[in-house]
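# Chains, contacts and geometry: an overview
Residues per chain are reported as follows:
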Amino acid sequence: MQLLLVEDDATMRSTLQRSLARRGMAVTALGDGRDALAQWRAQPPDAVVLDLTLPGLDGLQVLQQARAGGLRTPVLLLTARGTVGDRVLGLNAGADDYLPKPFDLDELEARLRALLRRSGDAPSPALPAGAPALGALRCDRGSGAIYVHGEPLDLTPRELALLRALLAQPGRAVAKERLYELVFPGQSQVQYEAIEVVVYRVRKKLAGTGVALMTLRGLGYLLKAQQA
């Protein structure tokens, strides 16, 4: 797991970095909000552990700007703040989970791995060199975000995984079974029909973009640019 750890307390930051590295994670640790946002944009990790209290930009600002820029990386907030309001603000800004300080390291690791499982943040199919876009849709190779007419499309991690899989094969049907594997990796407890819910949500978000998500009975789903 490639992890971005953003914590302003130098002692805690160093301790967490060493401890998580011993658990098999590659950890980039930073203590400043602006530096963290720049690193996140330049090299999106698998997950972000983000403290709310930071110099430069606070954790909430970092999160808001990252989400506004199309970065969909799963985020776990660390906070010493005891009020429910701060946690609600973080979740509304796009955080996926939170862990109040002090916390147990085993719980932190378990929550991070659960985030990746729930979000479907498994390696997405690589986009072919000649097909990173379809119509108004474009996939940014650096962040993995998808843009429409230059604006980031607001997608959940599962919606993003599905749309990237379809963009990888523009004009060709992708089997429902394959999409299920990519959107819900290793989650055999999720009902097979759940992929249809994700397809429905993506289809609604593509309305008016000039790109349609089509169902081909017996073959799967495909993206098609509509005629003007």
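Please read all numbers here as calculations on a predicted model, not as lab measurements. (Residues numbered from 1 in each chain as written. Predicted model: local features only at pLDDT ≥ 70, side-chain atom pairs only at ≥ 80, totals over all residues. Heavy atoms only, no water.)

This part is about the sheet that holds strand β9 (residues 151–152). Strand order in the open sheet formed by four strands is β6-β7-β8-β9, with antiparallel pairing between adjacent strands. Across the chains shown, the open sheet's two edge strands, defined by having one partner strand only, are β6 (133–134) and β9. When strand β7 (residues 137–139) meets strand β8 (residues 146–148), the two strands line up antiparallel, connected through three bridges. Bridge pairing in β8 places cysteine 139 opposite isoleucine 146. (Pairing = 2+ DSSP bridges. Helix = DSSP H or I, 4+ residues; strand = E, 2+ residues; numbered from the N terminus.)

Moving on, we get to the environment of threonine 73. Within the fold, threonine 73 resides in the loop between α3 (59–68) and β4 (75–79). Exposure remark for threonine 73: the relative accessible area of 7% places this residue in the buried category. Spatially, the C-alpha atoms of threonine 73 and tryptophan 40 are 9.0 Å apart, while their sequence positions differ by 33 residues. Leave out the neighbours within four places in its chain, and threonine 73 touches Trp40, Pro44, Pro45, Asp46, Ala47, Val48, Arg67 and Asp96. Separated by 3.0 Å, the side chains of threonine 73 and tryptophan 40 make a polar contact. (Buried < 20%, exposed > 50% of the residue type's maximum accessible area, 1.4 Å probe, protein only. Contact = heavy atoms within 4.5 Å. Polar contact = N/O pair within 3.5 Å; in protein donor to acceptor, adjacent residues only side chain to side chain.)

The next thing to look at is the packing of helix α7 (residues 176–183) against helix α8 (residues 194–206). Contact geometry for α7 and α8: axes closest at 10 Å, N-to-C directions at 85°. Here α8 runs roughly perpendicular to α7, going by the angle between their axes. Of the residues in α8, those touching α7 at Lys176, Leu179, Tyr180 and Val183 are Ile195, Glu196 and Val198. Counted by class, the contact of α7 with α8 contains five nonpolar, no polar and two charged residues. (Axes fitted to C-alpha atoms, helices over the stretch in contact; angles between N-to-C directions. Parallel < 35°, antiparallel > 145°, perpendicular 65-115°, else oblique. Nonpolar A, V, L, I, M, F, W, Y, C, P; charged D, E, K, R; others polar.)

The next subject is the sheet that holds strand β3 (residues 47–51). In space, the five strands of this open sheet follow the order β2-β1-β3-β4-β5, with parallel pairing throughout. The open sheet has two edge strands, β2 (26–30) and β5 (97–100), and neither has a second partner. The average angle at which neighbouring strand axes cross in this sheet is 20°, direction not considered. As defined by bridge partners, β4 adjoins β5 across four bridges and the pair is classed as parallel. Looking across to β5, one finds that leucine 76 is bridged to aspartate 97. Contacts from helix α1 (residues 10–22) reach β1 (2–6), β2 and β4 within the one sheet, and its direction differs from that of β2 by about 175°. The strands touched by α3 within the sheet are β3 and β4, with β3 carrying the most contacts at an inclination of about 145°.

To continue, consider the nonpolar core. Judged by nonpolar contacts, the single largest core of 32 residues is most densely connected at Leu162, Leu163, Leu213 and Leu223. Residue assignment for this core shows that the elements contributing at least two residues are β7, β8, α6 (157–167), α7, α8, β10 (211–216) and β11 (220–225). Element by element, the count of residues in this core is highest for α6, at seven residues. Setting aside residues no more than four positions away along its own chain, leucine 213 makes contact with Leu162, Leu166, Val199, Val202, Arg203, Leu206, Tyr221, Leu222 and Leu223. (Core = buried A, V, L, I, M, F, W, Y, C linked by side-chain atoms within 4.5 Å.)

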